Amino acid sequence: IVLFEAYLFPFQEQLRQSLLLQEQVDMLAYAIDSKGDLGASAYIEWLQNATQRHLEESQLVNITSLVEDKQRLPVLNAMTRLLFRRNQMPEIKDLIDANLHFLKTSRHPKLMLFGMPGFMTPIQTVSWCYDHLNMLEVVDLGEALHFMQLDRPELLGEELLRWHR
């Protein structure tokens, strides 16, 4: 079982969120209009901030075409509204709790990859996993946020292969 930027705790447990994640959720909340929707330009601006990386022109063209698509934008807006309703949805918390219970009781080997400062997986979560999950190997990949698979794919791949062998 490989963990990287995993949702291990309910989202409403703000103390278990990185400061960067809290900031991005706040930015997203600010950009939402009175109907609970994000416009295409607001979504692109939020995404550029959330990735914490320079997006190439070709990436921006692809993202723009995605969020300006009249059929896809409602799906993105529905996902955004879901993010802000999460505290009212006990089934999501139950699902996350069941996943964590599985990880705590599983006898399968586990690999947790993390980077600093982290995004979904801050150091407090890494420490908790180290103390509570059996058969866990923890690997610090160095400086990383949420998109290490884009920023440093070779390092991520090397660690996965090393662990798998």
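Heads up: the structure comes first, above all this text.
Thresholds applied
Residues numbered from 1 in each chain as written. Predicted model: local features only at pLDDT ≥ 70, side-chain atom pairs only at ≥ 80, totals over all residues. Heavy atoms only, no water. Helix = DSSP H or I, 4+ residues; strand = E, 2+ residues; numbered from the N terminus. Buried < 20%, exposed > 50% of the residue type's maximum accessible area, 1.4 Å probe, protein only. Contact = heavy atoms within 4.5 Å. Areas by Shrake-Rupley, 256 points an atom, 1.4 Å probe, with all protein chains shown as cover. Pairing = 2+ DSSP bridges. Axes fitted to C-alpha atoms, helices over the stretch in contact; angles between N-to-C directions. Core = buried A, V, L, I, M, F, W, Y, C linked by side-chain atoms within 4.5 Å.

**Topic: the overall build of the chain**
So, point 1. Looking only at helices and strands, one finds eight helices and three strands in the chain.
So, point 2. Across the 165 residues that make up the chain, the buried fraction comes to 40%.
So, point 3. When contacts within the chain are restricted to residue pairs at least 6 apart in sequence, those whose partners lie at least 24 apart make up 74%.
So, point 4. On the chain, roughly 10,200 Å² of surface is accessible, and the fraction owed to carbon and sulfur atoms is 56%.

**Observations regarding the sheet that holds strand 3 (residues 136–144)**
So, point 1. Read across the open sheet, the three strands follow the order 1-2-3; overall the sheet is parallel. On the outer flanks of this sheet lie strand 1 (2–4) and strand 3, each paired with one strand and no other. Within this sheet the neighbouring strands show an average axis-to-axis angle of 20°, counted without direction.
So, point 2. The strands touched by helix 6 (residues 123–132) are strand 2 (110–117) and strand 3; relative to strand 2, the strand with the most contacts, the crossing angle is about 155°.

**Concerning the nonpolar core**
So, point 1. In this structure, L38, Y43 and V67 are the most contacted members of the largest nonpolar core, which totals 15 residues.
So, point 2. Going through the elements one at a time, helix 2 (40–51), helix 3 (57–68) and helix 4 (73–85) are the ones with two or more residues in this core.
So, point 3. Residue contacts for L38: discarding those within four places in its chain leaves L28, A31, I32, Y43, L73, N77 and T80.
So, point 4. Among the nonpolar cores identified, the runner-up in size contains twelve residues, and L3, M112, F114 and C129 belong to it.

**Structural notes on the side chain of E159**
So, point 1. The topology assignment puts E159 in helix 8 (residues 153–164).
So, point 2. Not counting the four nearest positions on each side in its chain, E159 is found in contact with L111, L113, V139 and L141.

**Notes on the side chain of S106**
So, point 1. Among the structural elements, S106 can be located in the loop between helix 5 (90–105) and strand 2.
So, point 2. Residue classification places S106 among the buried positions, given a relative accessible area of 5%.
So, point 3. For S106, the contacting residues outside a window of four places in its chain are I1 and N134.

**Examining the pairing of strand 2**
So, point 1. Burial within strand 2 is extensive, with six of its eight residues counted as buried.
So, point 2. Both strand 1 and strand 2 contribute to a ladder of three bridges, which runs parallel. Across the sheet, residue V2 finds its bridge partner in strand 2, namely L111.
So, point 3. The pairing of strand 2 with strand 3 spans seven bridges and is parallel. Its bridge partner lying in strand 3, M116 is registered against E143.

**Comments concerning unusual backbone geometry**
So, point 1. The phi angle at M135 is positive, at roughly 55°, despite the residue not being glycine.
So, point 2. Looking at the secondary structure, you find M135 in the loop between helix 6 and strand 3.
So, point 3. Residue class for M135 comes out partly exposed when judged on its relative accessible area of 44%.

**Quick word on the environment of G39**
So, point 1. Here G39 shows up in the loop between helix 1 (19–31) and helix 2.
So, point 2. A relative accessible area of 34% means that G39 is categorised as partly exposed.

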